[in-house]
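Chain residues, written in single-letter form:
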Amino acid sequence: MNLLEGSVGVEDLVLLEPLEQEPLLKNLQLRYESKEIYTYIGNVLISVNPYQQLPIYGPEFIAKYQDYTFYELKPHIYALANVAYQSLRDRDRDQCILITGESGAGKTEASKLVMSYVAAVCGKGEQVNSVKEQLLQSNPVLEAFGNAKTIRNNNSSRFGKYMDVEFDFKGSPLGGVITNYLLEKSRVVKQLKGERNFHIFYQLLAGADAHLLTALKLERDTSGYAYLNQKVSRVDGMDDAANFKAVQSAMTVIGFSEEEIQRVLEVTALVLKLGNVELADEFQANGVSASSIRDGKGIQEIGEMVGLNSEELEKALCSRTMKTAKEKVVTALNVIQAQYARDALAKNIYSRLFNWIVNRINESIKVGVGEKKKVMGVLDIYGFEILEVRELHPITCLGPAPVTCHVSSCQGIPWTKVDYFDNGIICNLIEHNQRGILAMLDEECLRPGVVSDSTFLAKLNQLFSKHDHYESKVTQNAQRQYDHTMGLSCFRICHYAGKVTYNVNSFIDKNNDLLFRDLSQAMWKAQHPLLRSLFPEGDPKQASLKRPPTAGAQFKSSVAILMKNLYSKNPNYIRCIKPNEHQQRGQFSWDLVAIQTQYLGLLENVRVRRAGYAYRQRYEPFLERYRLLSRSTWPRWNGGDREGVEKVLGDLNLSSEVAFGKTKIFIRSPRTLFFLEEQRRLRLQQLATLIQKVYRGWRCRTHYQLMRKSQILISSWFRGTMQKQRYEKMKASAVLIQAFVRGWKARKNYRKYFRSGAALTLANFIYMSMTQKFLLGLKNNLPSTNILDRTWPAAPYRYFHTANQELQKLFYHWKCKRFRDRLSLKQVEILKEKLCASELFKDKKASYPQSVPIPFHGDYIGLQGNPKLQKLKGGAEGPILMAETVKKVNRGNGKTSSRTLLLTKGHVILIDTKSSQARTVIALDNVAGVSVTSFKDGLFSLHLSEISSVGSKGDFLLVSEHLIELLTKMYQAVLDATQKQLPVTVTEKFSLKFKENRVDVKVIQGPEGGKNGKLSCKKKGSRCLEVTV
Ligand SMILES: Nc1ncnc2c1ncn2[C@@H]1O[C@H](COP(=O)(O)OP(=O)(O)OP(=O)(O)O)[C@@H](O)[C@H]1O
Ligand SMILES: [Mg+2]
């Protein structure tokens, strides 16, 4: 990272070139004008008061600075606070933050920023938060009672404050201790032009409600109080009323009870009222001037408020009791003395009240004994005021803490000597136990004889006449110097940064800080518990003649304690600089800053920082802290500490940045240290990640395994249960089906036993028996087997009707078959002929029924006895089928002539009866058809086919007595011979062929119906023949 990149000027004055006053100031100015109020000198922070709210504070910035190391971000007070806090938490080193600077330079603000940062980054939790709240809320209370408007600072701290915040091993705050130094109590009774008394007085008058004001016997108007500066009662931008509320609530948060708050306010009011007690001259008979209270009302009210006899109070104010071992002398005080006594009382009450408040806060925030703790101290000492002439009050030597540069040469490291101002000379001058200015002051106070400020100055002049850093009119005169700025009652101390002139006026008084015992005793007698407790020395039992320690002595001892305390801690410095005298933003007063940089010794600071080693530590803890940065030393290192450190730094290429002492490692630049810290932080993160990784892996794995096991268990149970349920269902179904089947089977078996089935069974039975009876009856009553007998018993019930008919048919067929089976072949032949006759003539010819019972003889002429005819029949054609005598009707005249007709298998032969000569032989295949009448006659015509030779003669009209037999046999013969059916026409009108003509024959039935075989023919024209039969 390039340090100078994007920065305004240099962020660290160590990098300043050339290293002189002017560039240093220029750099500060440049940065200030760009609102960069913070600058480093190494790890020392310079803060220039911006006199405006800059957007560089708050939670985001806190978060940012928490995450980065010192040099990674712009210089910031948070960075310093972070370093201090982390060092405290991680390295277990107590810290102190020393904030110095001019009044109004921003020390108190800086301390608040540090506190708020630490509060934000340290642990959390209900307990911790309440501790934090108490620590933070101590500020408004202490500021109300200890801060005041001065011409330099509207909120100037008029007391020194050192606050120890105590943490547990985790870095969470446990509580704290506040130490206060030298409240500027003179302010209670007198303020400079343009200044105010302590804030609380104004806050009380502005913020208290009417009820409280009455209770405290106060008026709201500030002009009514002698102790309050009449000219300045308000401060711009400061809301006294609101602040009063804030103070009240802060006190509640810290743990003050309602009553305690009330008491505190009462004492505060008391101080105000005391200022209004006017004293007047009183004439005394012995001529000694005395004093008394002018208006009794005020003192009366005070008396009432604190439960004190007003006369006693008056006595205490206006007289003084001198007590020696033997006697007690009461002297009256003159007005001046009485006023002094009154003011001293007011100042004492107020400063003791302030101490009490600090102690009360400490009680609330104190940490239980035995808890192991780390401490961070924040020192906000009140500022120097660059005054022409100083009073005793701010003589301190807490200025810039001496910059230590004692690089032990015993470590064997070459070092550069830097000339720097050794503050020890000044410290000695002021603080030396026997010969210091403070010691002289104490001595002067205790010395018998006439003591005054001028005798004190004379003593100093005498003692320090040769001292390089001491000047006064007397020493100047001795050296023949002329200096009109040096007053007669002044002396001057030449601090390394500049000369400071002190006026010895009332040094003795202030150092004595005397409160007449009468007053403390009077206060102790008050009913008011708080007031009373502020004056324990007023208790006559505890009264001692020993002088209380002087202010100087007290201060010296408290500073000594503080110094010891600070030296035991790791210091962090904040140097506050005030850019101008007007509390104006943006103004950079070169001269003013120049003075401040001088007495803050910034230039020397830079020089020392540049030359020396910023950091040193013994090898062992160093190695312990950083060995994780090298693979050789981590996780185990078996070598010596120094070798280990060398290894680590070698691996990081830092060997050139450091020097190796005999027992310690020296690091030149804080940057190296921060680099190491950063590397360590990263490495720790890596290691933490590793641990986390392994742990998370393990956790996830075990969790997974557990889940898997559970899953398997659950699924096995689930499957088991599912299968069980399925099985149960199947089983239930099977059982159900079984039950149904068994039931069905059982019912089937038992159905016969069912009453409902009985009817059917009975009906069946009855039906069967009826059928049986019917059939048996039938069997026994069968009709005769005569086929002509068609009788059949009727069915006894209608439902047998069809069966009965069928049986009848069966029986009849059977009867016929049996009949047929019994027939001989001949009979069969006869029957066949009869059948043929029936088919031809039944219901057609009237003579047919008579022919039925008469058997066919075939031979009606006695063929056996007639050899002539036998000859005729021709041998080859077999037996003659029919031989009969027929009448032939002459077609010409109608006369009949007898002819013998022979029917053979192939021919019809007509023979002249007389001559037994065959007249006509007709082949059967020439016979085209036969016509008969429907009457009982024997007339028939034989139609011949026209192409035949016989046919040419024409058709024959014949009469036969056995017409039925003849035509039947002819039909069969034609069928046998030609496989054709002979057409037999039953008709009364037919036509005959006759010599190429056709003759129509009309048959008429005669009276006998042709029965007798006679017929007469009547010719009607040539073509018509009427036959009557
Ligand atoms: N960082 C800051 N940001 C904004 N304003 C600031 C800052 N520091 C100081 N101030 C302003 O300067 C004023 C004086 O600061 P502060 O009271 O801290 O001075 P001081 O050094 O404590 O003076 P004193 O010695 O008189 O107590 C504050 O009231 C505030 O207005
Ligand atoms: Mg302050």
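Residues numbered from 1 in each chain as written. Chains lettered and ligands numbered in written order. Predicted model: local features only at pLDDT ≥ 70, side-chain atom pairs only at ≥ 80, totals over all residues. Heavy atoms only, no water.

By the naming in an unreviewed UniProt entry, the protein is Unconventional myosin-Ia, taken from Canis lupus dingo. Recorded under Sequence similarities (unreviewed entry), the UniProt text for the protein is reproduced unchanged: "Belongs to the TRAFAC class myosin-kinesin ATPase superfamily. Myosin family." (UniProt positions renumbered as here; feature names shortened; annotations may be inferred.)

How would you explain the packing of aromatic side chains if you had to name every residue and give the values?
Counted under the stated rule, the structure contains 25 aromatic pairs. Ring pairing ties together the aromatic residues Phe456, Phe464, Tyr470, Phe491, Tyr502 and Phe507, which thus form one cluster. Here the guanidinium or amino end of Lys834 rests over the ring plane of Phe856, the centre of that ring lying 4.2 Å away. (Phe/Tyr/Trp six-rings, centres within 6.5 Å; stacked < 30°, edge-to-face > 60°. Lys NZ or Arg CZ within 6 Å of the ring centre and 35° of its normal.)

Could you give me a rundown of the pattern of salt bridges, with the residues and numbers involved?
Following the criterion strictly, the structure yields 39 salt bridges and no others. Of the charged contacts in the structure, one is a salt bridge between Glu184 and Arg158, with a shortest N-O distance of 2.8 Å. Here the residue Glu184 occupies a position in the loop between strand 7 (173–181) and helix 6 (186–189), and Arg158 occupies one in the loop between strand 5 (156–157) and strand 6 (160–167), the gap between them amounting to 26 residues. An identical accessibility class is assigned to Glu184 and Arg158; each is buried. Several salt bridges converge on common partners, so that one network encompasses Arg158, Glu184, Arg187 and Glu195. (Salt bridge = Lys/Arg side-chain N within 4 Å of Asp/Glu carboxyl O. Helix = DSSP H or I, 4+ residues; strand = E, 2+ residues; numbered from the N terminus. Buried < 20%, exposed > 50% of the residue type's maximum accessible area, 1.4 Å probe, protein only.)

Give a detailed account of the pairing of strand 25 (residues 939–944), specifying residues and quantitative values.
Most of strand 25 sits out of view: 6 of its 6 residues are buried. Of the two faces of strand 25, the one holding Leu939, Ser941 and His943 and the one holding Phe940, Leu942 and Leu944 are both buried throughout. Pairing geometry for strand 24 (residues 927–932) and strand 25, over 5 bridges, is antiparallel. Bridged to Val930 within strand 25 is Leu942. Pairing of strand 25 with strand 26 (residues 956–959) involves 4 bridges; the strand directions are antiparallel. If you follow Ser941 over to strand 26, its bridge partner there is Leu957. (Pairing = 2+ DSSP bridges.)

Quick rundown of the sheet that holds strand 20 (residues 882–889)? Include the residues and the values.
Taken in spatial order, the 8 strands make up an open sheet running 23-22-21-20-26-25-24-27, and their pairing is mixed. In this open sheet, the two edge strands, each paired with only one partner strand, are strand 23 (918–923) and strand 27 (984–986). The sheet shows a mean angle of 30° between the axes of neighbouring strands, direction not considered. Here 3 bridges tie strand 24 to strand 27, and the two strands are oriented parallel to one another. By the bridge assignment for strand 27, Val932 is matched with Val986. Relative to the sheet, helix 32 (residues 963–978) contacts strand 20, strand 21 (896–903), strand 22 (907–912), strand 24, strand 25 and strand 27, its axis offset from that of strand 25 by approximately 20°. (Axes fitted to C-alpha atoms, helices over the stretch in contact; angles between N-to-C directions. Contact = heavy atoms within 4.5 Å.)

Give a description of the site of ligand 1 that names residues and reports values.
As a structural note, the neighbourhood of ligand 1 is formed by 19 residues, with Ser103, Lys107, Thr108, Ser156 and Ser157 the closest of them. Within the contact set of ligand 1, an oxygen atom lies 2.7 Å away from a backbone nitrogen or oxygen of Ser157. In isolation ligand 1 exposes 620 Å². Once the protein is present, 89% of that is buried. The set of elements that each furnish at least two residues to the shell around ligand 1 consists of helix 4 (107–121) and strand 5. (Near = heavy atom within 4 Å. Polar contact = N/O pair within 3.5 Å; in protein donor to acceptor, adjacent residues only side chain to side chain. Areas by Shrake-Rupley, 256 points an atom, 1.4 Å probe, with all protein chains shown as cover.)

Go over the sheet that holds strand 16 (residues 570–577) with me, naming the residues and quoting the values.
Strand order in the open sheet formed by 7 strands is 1-2-16-3-12-6-7, and the pairing between neighbours is mixed. Both outer strands of the open sheet, strand 1 (38–41) and strand 7, are each paired with one neighbouring strand and no more. Pairs of neighbouring strands in the sheet enclose a mean axial angle of 20°, with direction left out of account. Pairing of strand 6 with strand 7 involves 8 bridges; the strand directions are antiparallel. Counted as the bridge partner of Val165 is Gly176 from strand 7.

Any chance you could break down the coordination of the magnesium ion (ligand 2) for me, citing the residues and the numbers?
Protein-derived coordination of the magnesium ion (ligand 2) comes from Thr108 (OG1) and Ser157 (OG), at a distance range of 1.8 to 2.0 Å. With Thr108 in helix 4 and Ser157 in strand 5, this residue pair connects regions lying 49 residues apart in the sequence. When sorted by exposure, Thr108 lands in the same class as Ser157, which is buried. (Donors = N, O, S within 2.8 Å, 3.2 Å for Na, K, Ca; no water.)

Before we move on, can you summarise the confidence of the model for the protein with the specific residues and values?
Reading fine detail from the predicted coordinates is not recommended where pLDDT is low. Within the protein, residue pLDDT values average 85, and 92% of them lie at 70 or more. Taking the mean pLDDT of every element in the protein, the minimum, 69, falls on helix 31 (residues 867–872) and the maximum, 96, on helix 9 (residues 240–254). For residues 1–5, every residue scores under 50 in pLDDT, and the model assigns this stretch 6 contacts once sequence neighbours within four places are set aside. Low pLDDT (under 50) marks residues 385–409, which in the prediction has 63 contacts with non-local residues, meaning those over four places away or in another chain. (pLDDT = per-residue confidence, 0-100.)

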